[in-house]
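# Descriptive structure summary
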Amino acid sequence: MNYIGGEWVEGSGGETFASVVPATGETIGEFPRSTAADVDRAVAAAKEAWRDWRLVPAPKRAEVLYRFAALIAEQKDDLADLMSREMGKVKLEAAGDVQEAIDMTLYMAGEGRRLFGHTTPSELPNKFQMSVRMPIGVVGVITPWNFPIAIPSWKIAPALVCGNTVVFKPAEDTPLLAQRFVELLEEAGLPAGVVNVVQGFGEEVGEALVSHPDVPVITFTGSRETGVRVTHAAAEQLKLVHLELGGKNAILVLDDADLDLAVEGIVWSAFGTSGQRCTAASRVIVHEQVYGELQERLVARAEGMRLGPGWEEETDLGPVINRASIEKIHSYTEIGKKEGATLLTGGEPAREGELEQGFYYRPTIFGDVEAGMRIAQEEIFGPTTALIPVKDFDEAIRAANGVEYGLSSAIFTQDVNRAFRAMRDLDTGITYVNAGTTGAEVHLPFGGTKHTGNGHREAGQAALDVFTEWKSLYIDYSGKLQRAQIDTEEHPAP
Ligand code: NAD
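A short tour of the structure in this document, coming up. (Residues numbered from 1 in each chain as written. Predicted model: local features only at pLDDT ≥ 70, side-chain atom pairs only at ≥ 80, totals over all residues. Heavy atoms only, no water.)

### Notes on a negative patch on the surface
Short version of the rule: Without a salt bridge and with relative accessible area above 30%, a residue can belong to a patch; like charges are then joined within 9 Å and nonpolar side chains (Val, Leu, Ile, Met, Phe, Trp, Tyr) within 5 Å. Computed with the Shrake-Rupley method and a 1.4 Å probe, the accessible areas treat only the protein chains shown as cover for residues. Put simply, a salt bridge is a Lys or Arg side-chain nitrogen that is within 4 Å of an Asp or Glu carboxyl oxygen. Charged-residue counts in this description rest on Lys and Arg as positive and Asp and Glu as negative, His and the chain ends being excluded. A charge is said to be at NZ when it belongs to Lys, at CZ for Arg, at CG for Asp and at CD for Glu. Partly exposed describes any residue whose relative accessible area lies between the buried limit of under 20% and the exposed limit of over 50%, with all areas from a 1.4 Å probe on protein chains only and scaled to the type maximum.
A contiguous patch of negative charge, built from Glu7, Glu74, Glu186 and Glu187, is present on the exposed surface. The class of Glu187 is exposed, set by a relative accessible area of 55%.

### Some thoughts on the site of the ligand
Threshold: To be near a molecule or strand, a residue needs just one of its heavy atoms within 4 Å of it. Pairs of N or O atoms within 3.5 Å make up the polar contacts considered here, provided that, within protein, one atom can donate a hydrogen while the other can accept it, and that residues adjacent in sequence are counted only when both atoms are side-chain atoms. Here the term cavity refers to a set of points on a 1 Å grid, laid over the protein atoms alone, in which a 1.4 Å probe fits but cannot get out; the term pocket refers to an open set having protein on both sides within 12 Å along at least five of seven lines, with lining residues being those that place an atom within 4 Å of a point. Should more than half of a molecule's atoms lie within 2 Å of a pocket's or cavity's grid points, that molecule is taken to sit in it. Secondary structure elements follow DSSP: runs of H or I no shorter than four residues count as helices, runs of E no shorter than two count as strands, and numbering proceeds from the N terminus. The nonpolar class holds Ala, Val, Leu, Ile, Met, Phe, Trp, Tyr, Cys and Pro. Asp, Glu, Lys and Arg form the charged class, and all remaining residues, Gly among them, are polar. An automatic or database domain assignment is the source of the domain bounds shown.
Among the 28 residues in the neighbourhood of the ligand, the closest are listed as Lys169, Glu172, Thr226, Leu245 and Glu379. Between Gly222 and the ligand, the recorded distance is 3.2 Å, taken from a backbone N or O atom to an oxygen atom. A distance of 2.6 Å separates an oxygen atom of the ligand from a polar side-chain atom of Glu379. For the ligand, whose free accessible area comes to 860 Å², the fraction covered by protein is 91%. Comparing atom positions with the cavity grids shows the ligand to sit within the largest pocket. Sorting the residues of the shell around the ligand by element identifies α7 (202-210), β10 (217-221) and α8 (224-235) as the ones contributing at least two each. Partitioned by chemical class, the residues of the shell around the ligand number 13 nonpolar, nine polar and six charged. When residues of the shell around the ligand are assigned to domains, at least three map to each of domain 1 (2-245 + 453-473) and domain 2 (249-433).

### Concerning the layout of surface pockets
Stated precisely, the cut-off is as follows: Grid points are joined across faces, edges and corners, and a volume is the space filled by probe spheres set on the points.
Reported here for the largest pocket is a volume of approximately 1200 Å³. What lines the largest pocket is a set of 44 residues, and nearest its centre among them are Pro144, Trp145, Gly222, Ser223 and Thr226. At the level of elements, α5 (150-161), α7, β10, α8 and α11 (323-339) are the ones that each hand at least two residues to the lining of the largest pocket. The biggest single contributor to the lining of the largest pocket is α8, with six residues.

### Concerning the sheet that holds strand β21 (residues 468-476)
Basically, it comes down to this: At least two bridges found by DSSP between two strands is the condition for calling them paired.
An order of β5-β6-β21 is seen for the three strands of this open sheet, with the pairing classed as antiparallel. If you trace the sheet from one side to the other, it starts and ends with β5 (118-119) and β21, each paired once. Pairing analysis gives two bridges linking β5 to strand β6 (residues 127-135), with the strands arranged antiparallel. Across the sheet, Thr119 pairs through a bridge with Met130, a residue of β6.

This is how it looks when you write it as structure tokens:
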């Protein structure tokens, strides 16, 4: 269902689409394939609701978020279970996704009593001045399926506490989780119209939202390709566009690395969520002295992974999101082979037994990869990683930076000097030392350089910049007209 102006409603066109369980191919629900007319209605409701919501004191807006966080916490296990079904990730990681939404909602609720501005002295006597954050209006929220509860919270919690209203277009692969998310917001007492959901496809609902004249802000997470389309569609109306796009993240393993730790970090980062994280490590750049041993250990670990439905406790690797994704991942296996990389393990869909019905791909490792090969340059978004041997630290940094994306990076070393050089020289928005490429916490900025985005950041204080505009206020209590920058007898030029 769509949620517009506080009512759960069908789409106006009458058509629906199915949400499919990636582990089994079964349908888990039917949702409206909405149209631009539904977007118009949702935007009108959000615009109307904004008139009052912007005037609700921020600490009161935050109270809804505190209740929302408590409700998600109560439902954590059920939501994680549903996520392992609708999206496919293993339940432990699904619970982490839900926990991230709780953390983000609590962090942003805290902003209700902060939302700090600045006060600063005036150059003139008897004059006060400050700058404050102002809400902007209706925010269009467009999200991917890979963090189906966390990512909506990264956008909707700050949008709300800052005093905006929202039209939410969730990913078409995870509509049921989006519906649950909004049901909990409703239960938390959010006034009608403050958040609206329009289910459906990107080219229909997403584009209508991006080009709607009453939506001044678009916050989008998804692929680079779609991000470019969103930017074009928003350009004519000079919208504020916030983009969080793809990654081609590298883990550097130096000759002095703790290899046990590195193996753990690589397995978690390359194969967690079946490689479908924007921060997944799809490149491992390894000093030649430890290359042989690391390769051997990684292959053994990958071959020991148990594939299965995310809700089964023994599962290490769940399915990927859909059939098209299997095809895309497999096409990169073929590309890697043609480019001359060595396929060390995996490289095919897994179809034995109960896996037959679902969308499973074996954990795949390529060896002897050159930094310029397509499998080392393009985002695959599956359980595939590329081992790139290098001769020294400088070559490792060059290889790491030689891609169009700049989201996350990691280095395993015991050498503090090289660790600090890497922190300075790796051109990414996030760098980890002696940990994998995933594991962001909600109170630090999240996002990347280069084609991973357009300069904004999600999470932390940085997120507030997406959802507010600065207003500078000057209050003159001198009782006379004082003119800044103008020389007078009282204030002659120095
Ligand atoms: P996608 O770009 O295909 O879709 C993302 C969303 O955009 C979906 O809701 C989709 O319906 C919508 N959409 C599609 N076409 C549209 C259009 N023309 N106008 C407006 N909206 C449109 O991405 P995906 O496959 O859902 O997600 C995977 C991608 O997301 C990967 O590239 C991944 O790296 C990226 N991602 C980035 C981050 C980050 O924070 N940087 C986090 C998670 C995922």
